[in-house]
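Each chain, written out:
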Amino acid sequence: MATRLGNKEIKLVSTNAELGEMLAELNNIRPSVISVDTEGWNICRDGTLSLLALCWNEGLIYVIDVQELGSHSFTRIENTAVNSRWSSVKEILEDPTTLKLFCDPRSDSDALYHHYGVHLKNTFCVQLAEVGVRRQNGHTTRYVKGGKKITLEYGGLSGAEMVEWERLDREASKKFFPDKGGSYENLTNRPLSSLALKYSALGVLHLKKIYEKLEGRLGRRGKEWVKEESRKRVEEFRLPSIKKGKHRAIAPAHWGNTTRPRRHDFFEIDDEYYY
């Protein structure tokens, strides 16, 4: 199954053969930066991980149907060429020399580790980079911004692209999220709908552009801070339990801002921030 989103083709990977083809392309290109996002129900150790989107090519996004492939999504492909760098998606995500871009890796990391034993390495959280840019510009920053605001501000979208992005986001929210009138079952039903495939790809569609803009504005100290705080977010899978809620919108207070939020400040958090 394949469809398009903007100027990119989306390929669904739901068989071992398709997974092998994707790995062959990865090994041929050997990208240094890969955009990553996941979709599912309550993504963490207590929920499910249904889809994994990967993008390293300007014109192509792969969406792995983890629900369909199960653990095979991350295990070694036996017919991988001898000189291949990677023989599984797990090896890619754990490769310390390949940068993985996330909006916020916390839930992804928790689900990937506890369900499939994948320990993310070398990640860059654009959400924290946006905080770093604001602090670097002298702003007091208590909270992170949600992915939607960051995309619209730093994704370099044209007017038409912005309209299409918001339309797709709105349709998907109404279809997949209970608080918007939808149901998670619409994301887990198979065969996968075109809307679900596009929504999964939406999370990585502009991630590299966002990374390039934010990373380019960070100084040395800011880059070091984002790298370390991104690593800490990934390592939260080691906590005995994970609790989601508005407290997760609090930005780390280690650099450039030591003010902790007051209780009523939580009302300032974006409505779309639901991590």
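What you see is a predicted model; the values in this text were computed from it and never measured.

Q: Before we go on, may I ask you to explain the pattern of salt bridges in this structure?
A: Summed over all chains, the structure comprises 17 salt bridges. Among the ionic pairs, E94 bridges to K90, the shortest N-O distance being 3.0 Å. Between E236 and R248 there is a salt bridge whose closest N-O contact spans 3.9 Å. Linking E236 in the segment after α11 (220-234) with R248 in the segment after α11, this pair joins segments that are 12 residues apart in sequence.

Q: Even after reading the chapter, I still don't get unusual backbone geometry, so can you show me in this structure?
A: Among all residues save glycine, negative phi is the norm, and among peptide bonds the norm is trans. Here R190 and P191 are connected by a cis peptide whose omega angle stands at 10°. A positive phi angle, near 50°, is found at R30, a position not held by glycine. The phi angle at N42 is positive, at roughly 45°, despite the residue not being glycine. Tracing the backbone through its elements, the reader meets N42 in the loop between β3 (33-39) and β4 (51-57).

Q: Would you explain the side chain of D37 in this entry?
A: One can find D37 in strand β3. One buried charged side chain, D37, makes no salt bridge at all; its nearest oppositely charged neighbour is K244, positioned 11 Å away. Setting aside residues up to four positions removed in sequence, D37 forms contacts with L51, L52, A53, D108, S200, G203 and V204.

Calculation criteria
Residues numbered from 1 in each chain as written. Predicted model: local features only at pLDDT ≥ 70, side-chain atom pairs only at ≥ 80, totals over all residues. Heavy atoms only, no water. Salt bridge = Lys/Arg side-chain N within 4 Å of Asp/Glu carboxyl O. Helix = DSSP H or I, 4+ residues; strand = E, 2+ residues; numbered from the N terminus. Buried < 20%, exposed > 50% of the residue type's maximum accessible area, 1.4 Å probe, protein only. Lys, Arg positive; Asp, Glu negative; His and termini not counted. Contact = heavy atoms within 4.5 Å.

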